Amino acid sequence: MKLFSSAITATAIALSILSSANAQQTQPRCSSLVTRKEILSLTSSEWNLIKGVYSAMQRDGWFKWFAYLHDHWFGQIHGNSQFFPFHRRFVQDWESVGQRYNRAFVQPYWDEMRDYRAPASSRVLTSAYAGGNGQRNQCVTNGVQANWQMSFPNNHCLRRQFSNNGNIRPWYSPEYIQSFIQRDTTMAQFRPDIEFSIHGI
């Protein structure tokens, strides 16, 4: 009887595996994959689309909402294993909101490694992109977020103040970050190395 029971169990497992394999083969391919691009590689039409979505999101209070979320959960999402999952989901949710305004919206990223020696002179921090150092009262007066008024945690202009008298000290080099990738063998090692270096800066 035991042998018969084992044979039934083995058959059930085999059928389950085959059923699962067939289900995977018949599943439709994911149609929501997006490719995030480096900001300086965007075409002018792609950047104009993003600027339009940013303006709409600002108008409708989404910048305030995401600022609130990050601030509210700050202690729970930094310095522990929640760091990577939270920030990944945070960007995905941000992108999802942007896609409500335009389905083609994809959040770009900044490869700051190319600018690590002199961040303040990056094209990303010019009027063509994110804007530069804040002016009077550190208010941002150029770029995609020029003259934005923010309402979290209180009413104020969007401010930016470069460190080191506007020069911004060099950031971590690509070699320094690469050393973590090569050396760290666990997420427990990798998380603080990234969080307290490139993320923090």
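Residues numbered from 1 in each chain as written. Predicted model: local features only at pLDDT ≥ 70, side-chain atom pairs only at ≥ 80, totals over all residues. Heavy atoms only, no water.

Draft legend 1. Summary view of the overall build of the chain. Within the chain one finds 8 helices and 2 strands. Along the chain direction, N to C, the helices and strands of the chain fall in the order α-α-α-α-α-β-β-α-α-α. Considering only contacts in the chain between residues 6 or more positions apart, those separated by 24 or more positions represent 59%. For the chain, the accessible area works out to roughly 13,600 Å², and carbon and sulfur atoms hold 54% of it. (Helix = DSSP H or I, 4+ residues; strand = E, 2+ residues; numbered from the N terminus. Contact = heavy atoms within 4.5 Å. Areas by Shrake-Rupley, 256 points an atom, 1.4 Å probe, with all protein chains shown as cover.)

Draft legend 2. Local environment of the packing of helix 5 (residues 83–101) against helix 8 (residues 187–199). Helix 8 packs onto helix 5 with a crossing angle of 55° between their chain directions and a minimal axis gap of 10 Å. One element, helix 5, and the other, helix 8, form an angle in the oblique class. Together, Phe83, Phe84 and His87 of helix 5 and Met187, Phe190, Arg191, Ile194, Glu195 and His199 of helix 8 make up the contact between the two elements. In terms of residue class, the contact of helix 5 with helix 8 is made up of 5 nonpolar, 2 polar and 2 charged. (Axes fitted to C-alpha atoms, helices over the stretch in contact; angles between N-to-C directions. Parallel < 35°, antiparallel > 145°, perpendicular 65-115°, else oblique. Nonpolar A, V, L, I, M, F, W, Y, C, P; charged D, E, K, R; others polar.)

Draft legend 3. Expanded view of the state of the cysteines. Taken as a whole and assessed by the stated rule, the structure comprises 1 disulfide. Cys139 shares a disulfide with Cys157; S-S distance 1.9 Å. Torsion about the S-S bond of the Cys139 and Cys157 cystine: about -75°, corresponding to left-handed handedness. Placement of Cys139 in the loop between helix 5 and strand 1 (149–150) and of Cys157 in strand 2 (residues 156–157) is noted, with a sequence separation of 18 residues between them. Just as Cys139 is buried, Cys157 falls in that class too. (Disulfide = S-S within 2.5 Å. Buried < 20%, exposed > 50% of the residue type's maximum accessible area, 1.4 Å probe, protein only.)

Draft legend 4. Structural context of the side chain of Ser173. Within the secondary structure, Ser173 is located in the loop between helix 6 (163–166) and helix 7 (174–183). Contact partners of Ser173, with chain neighbours within four places excluded, come to Met113 and Tyr116.

Draft legend 5. Highlighting the packing of aromatic side chains. Per the counting criterion, the structure on display carries 18 aromatic pairs. With a centroid separation of 5.7 Å and an interplanar angle of 20°, the aromatic rings of Phe84 and Phe190 are classed as stacked. Of the two residues, Phe84 sits in helix 5 while Phe190 sits in helix 8, which places them 106 residues apart along the sequence. The exposure class assigned to Phe84 is partly exposed, which follows from its relative accessible area of 27%. (Phe/Tyr/Trp six-rings, centres within 6.5 Å; stacked < 30°, edge-to-face > 60°.)

Draft legend 6. Looking closely at the nonpolar core. Among the nonpolar cores identified, the biggest contains 30 residues, and Ile39, Trp47, Tyr54, Phe63 and Trp94 are the most heavily contacted of them. Excluding residues that lie within four positions of it along the chain, Ile39 makes contacts with Trp47, Pro108, Tyr109, Trp110, Val124 and Tyr129. (Core = buried A, V, L, I, M, F, W, Y, C linked by side-chain atoms within 4.5 Å.)

Draft legend 7. Examining the packing of helix 7 against helix 8 more closely. Viewed as axis vectors pointing N to C, helix 7 and helix 8 meet at an angle of 170°, and their least axial separation amounts to 10 Å. In terms of their interaxial angle, helix 7 and helix 8 are classed as roughly antiparallel. Of the residues in helix 8, those in contact with Tyr176, Ile177, Phe180, Ile181 and Arg183 of helix 7 are Phe190, Asp193, Ile194, Ser197 and Ile198. Classifying every residue of the contact of helix 7 with helix 8 by side-chain character gives 7 nonpolar, 1 polar and 2 charged.

Draft legend 8. Region of the structure containing helix 5. The first and last C-alpha atoms of helix 5 sit 28 Å apart over 19 residues, in line with the 27 Å expected at 1.5 Å per residue. Among the residues making up helix 5, those that are buried are Phe83, Phe86, His87, Phe90, Trp94, Glu95, Val97 and Gly98. Down the axis of helix 5, the smallest arc covering the buried residues is 165°, so these residues share one side. Among the exposed residues of helix 5, those oriented more than 90 degrees off its buried face are Arg88, Arg89 and Arg100. Against helix 2 (44–59), helix 3 (62–72), helix 4 (74–77) and helix 8 lie the buried residues of helix 5. (Expected span 1.5 Å × (residues − 1). Arc of directions from axis to C-beta.)

By themselves, these figures tell us nothing about what the structure is for.
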